[in-house]
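Each chain is listed here by its residues.
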Amino acid sequence: MKKHNFSAGPCILPSSVLEKAASAVRNFNDDNLSLIEISHRSKPFVNVMERARELALEHLGLQNKGYKALFLQGGASLEFLMVAYNLLEKKAAYLNTGTWSSKAIKEAKHFGEMIEVGSSADANFNYIPKNYNIPTDVDYFHCTSNNTIFGTQLQSFPDVSIPMVCDMSSDIFSRVLDFSKFDLIYAGAQKNMGPAGTTLVVVKEEILGKVTRHIPSMLDYKVHISKDSMFNTPAVFPVYVSMLTLEWLKENGGVAAIETINNKKAALLYNEIDRNPLFKGFVANKEDRSKMNATFNLLEDGLKEQFDTLWNAAGINGLNGHRSVGGYRASMYNALPLESVQVLVDVMQELEKNA
Ligand SMILES: *Cc1c(COP(=O)(O)O)cnc(C)c1O
């Protein structure tokens, strides 16, 4: 039986998607060729790329609004650099809410002045800074919507007159937002969309072409747009599987429908963390809690061995917290069924009975 996969990333994907992906590797499109041995310029694959780009915009409600979707390589980590390369002329504002934000900030500093408008580094990123001011004379504002490692999530986004850039790697397609507030969204596929190896970038075209520096072709969003995300050989398998996941999402009612289930999953687990006297949550304020990654710990270290034995025996995978937080982290991405969360809650209750 398939494990209950709470892995933070690469993460669980829908089983129907895995079946289709496996079959396409053997024989794609009934052409008696594998998906991964055909030309990326062939009609069947060009159709895959176009469909994936179209579905991404459709799920975000950004069709016909001046946005382009790209499937690039280099992970979200390369976007830390590319965003600054393409948009930072003089200075940019960053909100520092965790490890990934800090890494984005580090790259931006190579290109200009970086203004950190808020940070929760003082408390090991266990909260989301509020009431920060964003200067109006910056080239853009950058934030991270969900902090995968610490388990915090932005529940609202500031209204700004400058372009807003967001790393949505670990919560893209998980909840309804007014995505037109953002001018550039990026997300590594392996958290909520597909296998590692491709990164979705959704960018409003009008914000590009404003910096004076020369941008190398592979790092230039305009080059990738002009080549329809096929400037060089794209990551054909990750793009195909991402397309399948986006189709699965559409068949299941889209982002709004999955958000309802995600809310149920998060409520089920957080209620147990709050109720069960053996556990405590890591995040300081309940309103900052992530619906994707729940971080928690045992109050007594002595129970660790017993708890670990129990959840392993229940077929749960990927529950250990990140080394910078410790404890446990349950990642409840779109493809994780509610039943898996119930299994975890049952294990937590069993521990309470035995302790
Ligand atoms: C995992 C993650 C990254 C890094 O992604 P890579 O694709 O490994 O470069 C960046 N930002 C967030 C929010 C993440 O969760």
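Residues numbered from 1 in each chain as written. Predicted model: local features only at pLDDT ≥ 70, side-chain atom pairs only at ≥ 80, totals over all residues. Heavy atoms only, no water.

A separate point is the site of the ligand. The immediate surroundings of the ligand are formed by 13 residues, with S77, T148, D167, Q190 and K191 found nearest. Contacts to the ligand include Q190, whose side-chain N or O atom sits 2.9 Å from an oxygen atom. One of the side-chain N or O atoms of K191 is found 2.6 Å from an oxygen atom in the ligand. For the ligand, the protein covers 87% of the area, taking 390 Å² as the surface of the free molecule. The greatest single-element share of the shell around the ligand, amounting to four residues, is contributed by helix α3 (residues 75-87). For the shell around the ligand, the class distribution of residues is three nonpolar, eight polar and two charged. (Near = heavy atom within 4 Å. Polar contact = N/O pair within 3.5 Å; in protein donor to acceptor, adjacent residues only side chain to side chain. Areas by Shrake-Rupley, 256 points an atom, 1.4 Å probe, with all protein chains shown as cover. Helix = DSSP H or I, 4+ residues; strand = E, 2+ residues; numbered from the N terminus. Nonpolar A, V, L, I, M, F, W, Y, C, P; charged D, E, K, R; others polar.)

Looking now at the pattern of salt bridges. For the structure on display, the rule yields 16 salt bridges. With a closest N to O distance of 3.2 Å, E205 and K68 form a salt bridge. Here the residue E205 occupies a position in the loop between β10 (199-204) and α5 (221-226), and K68 occupies one in strand β2 (residues 67-72), the gap between them amounting to 137 residues. With a relative accessible area of 30%, K68 lands in the partly exposed category. (Salt bridge = Lys/Arg side-chain N within 4 Å of Asp/Glu carboxyl O. Buried < 20%, exposed > 50% of the residue type's maximum accessible area, 1.4 Å probe, protein only.)

Once that is clear, we can look at the domain arrangement of the protein. Domain parsing of the protein yields domain 1 (15-251) and domain 2 (254-354). Across the contact, 26 residues belong to domain 1 and 26 residues belong to domain 2. The interface formed by domain 1 and domain 2 holds two salt bridges in total. Measuring nitrogen to oxygen at the nearest pair gives 3.7 Å for the salt bridge that ties K130 to E287. In this assembly, domain 1 and domain 2 are joined by 18 residue pairs in polar contact (both at pLDDT 80 or more). At three residues, the largest contribution of residues to the side of domain 1 that touches domain 2 is made by helix α6 (residues 236-251). Residues of the side of domain 1 that touches domain 2, tallied by class, amount to nine nonpolar, 12 polar and five charged. (Domains from an automatic or database assignment. Contact = heavy atoms within 4.5 Å.)

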